[in-house]
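If you want the building blocks of each chain, they are given just below.
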Amino acid sequence: MNWTWFHRLASPPYVYGLAARLTPWFAWPAALCIIAGLWGGLVLAPPDYQQGDGFRILYVHAPSAWMSLMVYMSMATAAAVGLIWRIKVAHAVAASCAPIGASFTFAALVTGALWGEPMWGTYWEWDPRLTSELVLLFLYLGYMGLRAGIEDTQRADRASAVLAIVGVVNVPIIHYSVTWWNSLHQAPSVMRLAKPAMPLAMLLPLLLMLLGFTLFFVALLLVRLRGEVLARERAASWIREVVSA
Amino acid sequence: MTPRRRRLVLVLGIVAGVSIAGALALSAFRQNVTFFFDPTQVAAGKVPNGERFRLGGMVKEGSLQRAPGSLEVHFVVTDFNRDVTVSYDKVLPDLFREGAGVVAHGRLRTDGTFVADEVLAKHDEKYMPPEVARSLKRRHGDSRADAAVPATAGSTEGAAAAPPGPPARTDKAASAAGS
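Scoring rules and cut-offs
Residues numbered from 1 in each chain as written. Chains lettered and ligands numbered in written order. Predicted model: local features only at pLDDT ≥ 70, side-chain atom pairs only at ≥ 80, totals over all residues. Heavy atoms only, no water. Contact = heavy atoms within 4.5 Å. Buried area = accessible area lost by both parts, 1.4 Å probe. Salt bridge = Lys/Arg side-chain N within 4 Å of Asp/Glu carboxyl O. Polar contact = N/O pair within 3.5 Å; in protein donor to acceptor, adjacent residues only side chain to side chain. Helix = DSSP H or I, 4+ residues; strand = E, 2+ residues; numbered from the N terminus. Nonpolar A, V, L, I, M, F, W, Y, C, P; charged D, E, K, R; others polar. 1 Å grid on protein atoms, 1.4 Å probe; cavity = no way out; pocket = protein on both sides within 12 Å on 5 of 7 lines; lining within 4 Å. Points joined across faces, edges and corners; volume = space filled by probe spheres on them. Phe/Tyr/Trp six-rings, centres within 6.5 Å; stacked < 30°, edge-to-face > 60°. Buried < 20%, exposed > 50% of the residue type's maximum accessible area, 1.4 Å probe, protein only. Lys NZ or Arg CZ within 6 Å of the ring centre and 35° of its normal.

Trainee: Describe in detail the interface of chain B and chain A, supporting the description with residues and values.
Mentor: Contact residues are listed per partner, giving 44 residues for chain B and 45 residues for chain A. Interface area for chain B against chain A, summed over the two sides, is near 4000 Å², with a carbon-plus-sulfur share of 62%. Taken as a group, Phe35, Glu125 and Tyr127 of chain B account for 19% of the area that chain B buries against chain A, more than any other trio of residues on that side. At the surface where chain B touches chain A, the tally comes to one salt bridge. Between arginine 54 of chain B and glutamate 125 of chain A there is a salt bridge, with the nearest N and O atoms lying 3.1 Å from each other. Linking chain B to chain A there are 10 residue pairs in polar contact (both at pLDDT 80 or more). Those elements giving two or more residues to the side of chain B that touches chain A turn out to be α1 (3-28), α2 (30-33), β6 (114-122), α4 (130-138), α6 (155-160) and α7 (170-178) of chain B. Take the side of chain B that touches chain A: its biggest share by element is nine residues, from α1 of chain B. The residue inventory of the side of chain B that touches chain A, partitioned by class, reads 24 nonpolar, seven polar and 13 charged.

Set out below in structure tokens:
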């Protein structure tokens, strides 16, 4: 098998160009999925028998929460690849993931709080699920802070990669918190072994939103990655060629 | 061993070590992580004596009593094994239903009544349109396979048990669906 395409992914100029070419292929489908998912979820889906129309915040809350975990796993994987194979581009990917993941985590926490007030009767409780998700936000912020605090890029890469890898332990804790312990947060409706606990008319928009958010994440990541590569390679000669071209 | 392999082993070692440490810490803190105690734990005396704690379970069908002329309510929280009577004098959350999950924060009085100063409704993971909930209720036996779990079994019936509970949201939702 020919691995040159794979090895080229470690080359900053190649990745810089590739990211630019790929971005629209993720951004437009993301926009379509999110518009269709929002239309399906906010307009077409029937109201819930208990929560009425209030349940519709699910269409933003659940995809944000899933993305907060998925982005973290992407970030930690990229960081591990960067650490083991000493690939700078992988560290750049990890560094680009962090603010996106932090934003999804923040969105999940805020929409959850807005949902919790009318449904549970409280914005915030120190419940295992809520607390572990808050820890995830702090992990993202800690990762970003650690990077920002170390002047030398290579040292920042290695130190922050270790933090990202250590933080992986929180991901299964978040996912299983509602089954391991008594929790105020309900059990998963979709990400479970049994059939999803909602009808197709409610489920389909949710899956569209999840797909849309995933594509949106990739599009954002590609844009951020270009910026990150530019900043890291600012002294390199290929940048001058790109800029003058 | 090449340096690359050494780093791979190091990373896997970090992940394994942190996972083991995390698992040990969490199993040691098991009691403290518990968000609420169920009535069986309360009956077994596992609750810190005289301290505030959270009591969780299902609101027993037909147990909600309102004192006339005040907000004071009494209801029974059950885990289908033991029961605890709860008294509460503030506004109940929207999703509070007989047969649905609830978490109450307060203290146990010496006579065994739990005096709550905060009551939270715990909703389950099921979502369905009101028409479906009504037809399930009409057929009564909730025949869906996943309803066998006691913690969630009562919820569909609880939604429709309107009279003693607060005005159920079902009606509003149903009219919205019909329009």
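Having seen the structure, we can now continue with the description.
Trainee: So what's going on with the layout of surface pockets? Residues and values would help.
Mentor: All names here are of chain A. Here the second largest pocket is characterised by a volume of approximately 700 Å³. Lining the second largest pocket are 35 residues, and of these His61, Ala62, Ala65, Arg129 and His185 lie nearest its centre. Of all the elements in the fold, those that place two or more residues in the lining of the second largest pocket are α3 (58-85), α4 (88-119), α5 (128-149), α7 (170-180) and α8 (200-232). By residue number, the principal contributor to the lining of the second largest pocket is α3, which donates eight residues. Within the lining of the second largest pocket, the residues separate by chemical class into 24 nonpolar, nine polar and two charged.

Trainee: How would you explain the packing of aromatic side chains if you had to name every residue and give the values?
Mentor: Evaluated as defined, the whole model comprises 12 aromatic pairs over all chains. Ring centres of phenylalanine 55 of chain A and tyrosine 127 of chain B lie 5.8 Å apart, and the angle between their planes is 40 degrees; this geometry places the pair in the tilted category. Taken together, the positions of phenylalanine 55 of chain A in the loop between α2 (12-44) and α3 and tyrosine 127 of chain B in the loop between β6 and α4 put the pair across two chains. Grouping residues by exposure puts phenylalanine 55 of chain A and tyrosine 127 of chain B together as buried. Their ring planes at 80 degrees and their centres at 5.8 Å tell us that phenylalanine 37 of chain B and phenylalanine 53 of chain B sit as a pair that is edge-to-face. Residue phenylalanine 37 of chain B is located in the loop between α2 and α3 (39-43), and its partner phenylalanine 53 of chain B is located in strand β1 (residues 53-59); the two are separated by 16 residues in the primary sequence. Phenylalanine 53 of chain B gets classed as buried once you look at its relative accessible area, which sits at 5%. Members of the aromatic cluster, connected to one another through ring pairs, are Phe55 and Tyr59 of chain A together with Tyr127 of chain B. Across from the ring centre of tyrosine 16 of chain A, 4.5 Å away, lies the NZ or CZ of arginine 226 of chain A, which sits over that ring.

Trainee: Describe the pattern of salt bridges, listing the residues and the values that go with them.
Mentor: According to the stated counting rule, one finds eight salt bridges over all chains in the structure shown. A salt bridge links glutamate 228 of chain A to arginine 232 of chain A, with the nearest nitrogen and oxygen atoms 3.1 Å apart. Linking glutamate 228 of chain A with arginine 232 of chain A, this pair stays in helix α8, spanning four residues, or about one helical turn. Here aspartate 111 of chain B ties to arginine 109 of chain B by a salt bridge, and the two come within 3.4 Å at their closest N and O atoms. Overall, aspartate 111 of chain B belongs to the exposed group, its relative accessible area being 53%.

Function-wise, these values are silent; they only describe arrangement.
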